Each structure stands twice: as C-alpha cells, then as structure tokens.
Amino acid sequence: MSSSIDSSVKITRPFSSDTDKDKEGLLQDADLYREKLETQWSGLKKDATEYSKQALVIGGVVVTTFLVMNALLPKGKKKKEILVEPVKPVEKEVSKIKTQSAVGQAVQSLAWTLAVGWARQKLKHFIEDERKTE
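Residues numbered from 1 in each chain as written. Predicted model: local features only at pLDDT ≥ 70, side-chain atom pairs only at ≥ 80, totals over all residues. Heavy atoms only, no water.

You'll find the protein entered in an unreviewed UniProt entry as DUF4235 domain-containing protein, with Dyadobacter sp. 676 given as the organism.

Details of the overall build of the protein
Assigned secondary structure in the protein consists of two helices and zero strands. Burial status across the protein gives 9% buried among its 134 residues. Residue pairs at least 24 apart in sequence account for 94% of intrachain contacts in the protein once pairs closer than 6 positions are excluded. (Helix = DSSP H or I, 4+ residues; strand = E, 2+ residues; numbered from the N terminus. Buried < 20%, exposed > 50% of the residue type's maximum accessible area, 1.4 Å probe, protein only. Contact = heavy atoms within 4.5 Å.)

Remarks on helix α1 (residues 19-72)
Compared with the 80 Å implied by 1.5 Å per residue over 54 residues, the 78 Å span of α1 between its first and last C-alpha is a close match. Looking only at α1, the buried set comprises Gly43, Glu50, Val61, Thr65 and Met69. (Expected span 1.5 Å × (residues − 1).)

Digging into a negative patch on the surface
Residues Asp18, Asp20, Asp22 and Glu24 make up a contiguous surface patch of negative charge. Within the fold, Asp18 resides in the segment before α1. Residue classification places Asp18 among the partly exposed residues on the basis of a relative accessible area of 37%. (Patch = residues over 30% accessible without salt bridge, like charges linked within 9 Å, V, L, I, M, F, W, Y side chains within 5 Å. Areas by Shrake-Rupley, 256 points an atom, 1.4 Å probe, with all protein chains shown as cover. Salt bridge = Lys/Arg side-chain N within 4 Å of Asp/Glu carboxyl O. Lys, Arg positive; Asp, Glu negative; His and termini not counted. Charge placed at Lys NZ, Arg CZ, Asp CG, Glu CD.)

What about the side chain of Thr65?
Inspection of the secondary structure puts Thr65 in helix α1. Of note is the side chain of Thr65, whose polar atom sits 2.7 Å from the backbone oxygen of Val61. (Polar contact = N/O pair within 3.5 Å; in protein donor to acceptor, adjacent residues only side chain to side chain.)

Structural notes on a nonpolar patch on the surface
Together, Val63, Phe66 and Leu67 make up an exposed nonpolar region whose accessible area comes to about 310 Å². Topologically, Phe66 is positioned in helix α1. For Phe66, a relative accessible area of 48% corresponds to the partly exposed category.

Observations regarding the pattern of salt bridges
Taken as a whole and assessed by the stated rule, the structure comprises one salt bridge. A salt bridge links Asp31 to Arg34; its shortest N-O distance comes to 2.7 Å. One end of the pair is Asp31 and the other is Arg34, both in helix α1 and three residues apart, which spans about a single turn.

A short note on the environment of Gln108
Tracing the chain through its elements places Gln108 in helix α2 (residues 91-133). Residue classification places Gln108 among the partly exposed positions, given a relative accessible area of 32%. Sequence separation between Gln108 and Met69 is 39 residues; the distance between their C-alpha atoms is 9.0 Å.

Here's what the structure looks like:
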C-alpha cells in the first residue's frame, strides 16, 4: 500500500513500423499497472476487514454493557396519582426513604463503574490481541 504508482509514460520512438513489439510493450505496461492496482486493492480490503472487525467488537461491548446494566439496575420511579388527604407528620418514613434512595444510588453508581471498567478491559485486551497478530 505504501508503493507509489509510476504514472510516467515511456515514449521510445514517435512511430514504429513493428506494431507487434509495441503491442507487447503496452501489454506488459498494462499488466504492471494491473498488478499494482490489485496490490493496493487487496491492502484496502484487508484494512477494511480489520477496521470492521474492531468496530463490531466495540459495538458488541457497548450493547452488551447496556443490556446488562438495564437488566441489573432498578427501573425509574413510576409516577403515581396523588390523592388529596390531610397531611400527617411522617418524619421517620421520609428519612427511611431517603436512606433507601441513597443506598440505591450508591449501588447503581458502583454497578456502572464496574460495567464500564469491565468493558474497558475487554476492549483493551482485544486491541492488544489484534496488534500482536499483525
């Protein structure tokens, strides 16, 4: 892929009476250019294959992390209809709910941290393995 294409045109004589010889020279030049193009094309196909594999792995890690997080983490709070009733002092219940909410948020934060760390390690190992095989 690093080889450059020789785009210069060889003109040996302005006109030759031996057209068979000229034809053979032109066919050889055409074969040379065809080989160079095929070499470049195969390099491009190889690069595209490698990049697509990496993109699929990264996408798979992201989707897997998303699905695992949705399965493990609690769902969002559901809105309930509020019925109008006389207000009663409920200080003990409020502090208990706040404590449960704080614990839930801490667990959710820890789960996200672990999932992202796991995904990062998988991606890191995959990239290292790809570099070793090249």
